[in-house]
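# Results of the structural survey
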Amino acid sequence: MPETEPAVDTVPESTVPVRQSAVERRILDAALRLFAEHGFDGTSVQGIVEAAEVTKGALYHYFDSKDDLLYEIYHSLIARQLADLGAVLAESPPPREAVRAVLTGLIRSTAEHIDEAKVFSREMHRLDGARMRSVRDDRRRYHVTFRGLIEQGQRDGVFGTATPAETVTIVALGMVNQMPSWYRADGPKTAARLADEVAAFILDALDRQAPA
């Protein structure tokens, strides 16, 4: 079946619920710290159990394996970002304001949770087929919805059409996806400033192509 393109006002959601209980979050936080410090291979289930101060039985009650923990670390981030995207769309702002709000929110969220993004970027090849498909489905949902905002602005004459919406989306989201390789929380530029500059750059490029 061909891919269904959601309407721009569709509120996207991850199809997989995020782990919410206090014990689950404690285990995930411990796994994140250890994966970041020692890598996936260098972290044992016993080490996670001790860091989270739970029993091994409790860990296996909630999670199937270390792979499951790795998946949940990233899934909680992309699910949160989809929820943020949905919150913007629910307000039905004009395309220009929507693009600015989505991009600034996405960059700030990624910066705030850069350890999750770094761990996943480094270890994502560990995921099995089903978990990788779930991650890709959520990322595709975000991609298609953001692209819809650009397309809406182009249809309305707010944005120029010289560059296809798909290309703009690849450039904008691709930069965010690369943040784990270069962003530093203690760097010279705050996440808020970076977010504002990137959004301004993308919107300026779109504005320059718009009809006079």
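Residues numbered from 1 in each chain as written. Predicted model: local features only at pLDDT ≥ 70, side-chain atom pairs only at ≥ 80, totals over all residues. Heavy atoms only, no water.

Before going further, it helps to examine the packing of helix α1 (residues 22-38) against helix α4 (residues 66-90). As a packed pair, α1 and α4 sit with axes 10 Å apart at the nearest point and diverge in direction by 100°. Taken together, the axes of α1 and α4 lie roughly perpendicular to each other. The residues of α4 that touch α1, namely those facing Arg25, Ile27, Leu28, Ala31, Leu32 and Phe35, are Lys66, Leu69, Leu70, Glu72, Ile73 and Ser76. Here the residues of the contact of α1 with α4 are counted per class, giving eight nonpolar, one polar and three charged. (Axes fitted to C-alpha atoms, helices over the stretch in contact; angles between N-to-C directions. Helix = DSSP H or I, 4+ residues; strand = E, 2+ residues; numbered from the N terminus. Parallel < 35°, antiparallel > 145°, perpendicular 65-115°, else oblique. Contact = heavy atoms within 4.5 Å. Nonpolar A, V, L, I, M, F, W, Y, C, P; charged D, E, K, R; others polar.)

Moving on to the layout of surface pockets. Quantified by volume, the largest pocket comes out at close to 420 Å³. In terms of lining, the largest pocket is formed by 20 residues, of which the most central are Tyr74, Arg139, Leu173, Val176 and Asn177. Among the elements that take part in the lining of the largest pocket, helix α8 (residues 165-177) stands out by supplying five residues, more than any other. Across the lining of the largest pocket, the residue classes break down as twelve nonpolar, six polar and two charged. (1 Å grid on protein atoms, 1.4 Å probe; cavity = no way out; pocket = protein on both sides within 12 Å on 5 of 7 lines; lining within 4 Å. Points joined across faces, edges and corners; volume = space filled by probe spheres on them.)

This part covers the nonpolar core. Soluble globular proteins: nonpolar side chains tend toward being buried together. One finds Phe35, Ile48, Leu69 and Phe146 to be the most contacted residues of the largest nonpolar core, which totals 61 residues. Non-local contacts of Ile48, meaning those with residues more than four positions away in its chain, are made with Ile27, Ala30, Ala31, Leu34, Phe35, Thr43, Leu59, Lys66 and Leu69. (Core = buried A, V, L, I, M, F, W, Y, C linked by side-chain atoms within 4.5 Å. Buried < 20%, exposed > 50% of the residue type's maximum accessible area, 1.4 Å probe, protein only.)

Among the structural elements, Ala31 can be located in helix α1. It is 8.1 Å that separates the C-alpha atoms of Ala31 and Ala51, two residues lying 20 residues apart in sequence. With residues near it in sequence (within four places) discarded, Ala31 still touches Ile48, Leu69 and Ile73.

This next bit is on the side chain of Gln81. Turning to its location among the elements, Gln81 is positioned in helix α4. Residues contacting Gln81, with those up to four places away along its chain left out, are Leu106, Ser109, Thr110 and Tyr142.

Geometric values such as these leave the question of function open.
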